[in-house]
Amino acid sequence: MVLAKEKYYLVLAESSLEIVPKTLWKHPSVIKTAKRRGKKPSEIILDVSLHYHAMKNLPMREKRGRPDIVHLSLLLALNSPLNKAGLLKTYVHTLNDYVIFVRSDVRIPKNYNRFIGLMEQLFSTGKVPPESETPLLYIKNMSLGGLLESLEPKKTILLSERGDKISLSKLANVVKKGDAIIIGGFAHGDFSKETYELADEVYSIYGEALEAWTVLSRMLCALEMQNGLI
């Protein structure tokens, strides 16, 4: 019997990915986007570049409406040598407590509009492809704590500008297979108190806030070097 490889668990947490909330369905910018897409306002993804004025009074608006962060991060993770070597398992946790389970062999569309269409289908049907017994993507209403409880990682490491400063080479030695690595999937603001409480260790690779994909690319490269992949 061939034993499955032990993997690193990558979690993009509190991600800015959601369907337009009901309070915004009647806003002109939302209606305009929905009509152009041939969909209902309840079926489209919230995007600050399209719905900026609608989001003006939305709670926590600085952490919402940035599906591009998830798009770029998934492209990076899934096309990485670490993932190709079977050493990475990727999950997307959203700010509204949904978790997207991502099969390692899924090919995320490089085109942003096609990606948005894929996410809208996922939120609508619960899985992609909708009729598949082994979907490439599926989504569940689940908290970050619930996800970590189901994964049972050896250790949970959170990357945040508030963490202890560490070099990438040292971090690659600290992170082991079987550990969960949490990176923020939002543009502005900070992790919630609850997310910090879930972490065993919190580290910072730079003195200032960095884009999610910048942190992710450095982390992936460090782990790939550590595993002799590059």
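It should be noted that the structure appears before, not after, this text.
Summary of the structure given here. Keep in mind that this is a model prediction, so the values were computed, not measured.

1. Side note on the pairing of strand 3 (residues 98-102)
Taken across its five residues, strand 3 has four buried, putting it largely inside the fold. Taken together, the four bridges between strand 2 (residues 88-94) and strand 3 define a ladder with antiparallel strand orientation. Looking at strand 3, one finds that H93 is bridged to V99. In this structure, the hairpin formed by strand 2 and strand 3 is closed by a connection of three residues, where D97 is found at a positive phi of approximately 65 degrees. Both strand 3 and strand 5 (residues 137-141) contribute to a ladder of five bridges, which runs antiparallel. Note on strand 5: the bridge partner recorded for V102 is L137.

2. Some thoughts on the nonpolar core
In terms of nonpolar packing, the biggest core is built from 46 residues, with I100, M119, L137 and L159 touching the most fellow members. If we skip the residues at most four places from it in the chain, I100 touches L17, T90, Y91, V92, M119, L122, L137, Y138 and I139. The next biggest cluster of nonpolar side chains, apart from the first, holds 19 residues, and it includes Y9, L158, I182 and F191.

3. Details of the packing of aromatic side chains
Applying the stated criterion across every chain, the model contains six aromatic pairs. Judged by centre distance (6.5 Å) and plane angle (55 degrees), the ring pair of Y9 and Y91 falls under tilted. On the criterion of sequence distance, the pair formed by Y9 in strand 1 (residues 8-15) and Y91 in strand 2 is long-range, its members being 82 residues apart. You'll find Y9 and Y91 in the same group, each marked buried. Arranged with centres 5.2 Å apart and planes meeting at 85 degrees, the rings of F186 and F191 form a pair that is edge-to-face. In this structure an aromatic cluster arises from ring pairing among Y9, Y91, F101 and Y138. Cation over ring: K63 sits above F186, and NZ or CZ is 4.3 Å from the ring centre. The ring of Y91 has K89 lying over it, and the distance from NZ or CZ to the ring centre is 5.5 Å.

Conventions we followed
Residues numbered from 1 in each chain as written. Predicted model: local features only at pLDDT ≥ 70, side-chain atom pairs only at ≥ 80, totals over all residues. Heavy atoms only, no water. Buried < 20%, exposed > 50% of the residue type's maximum accessible area, 1.4 Å probe, protein only. Helix = DSSP H or I, 4+ residues; strand = E, 2+ residues; numbered from the N terminus. Pairing = 2+ DSSP bridges. Core = buried A, V, L, I, M, F, W, Y, C linked by side-chain atoms within 4.5 Å. Contact = heavy atoms within 4.5 Å. Phe/Tyr/Trp six-rings, centres within 6.5 Å; stacked < 30°, edge-to-face > 60°. Lys NZ or Arg CZ within 6 Å of the ring centre and 35° of its normal.

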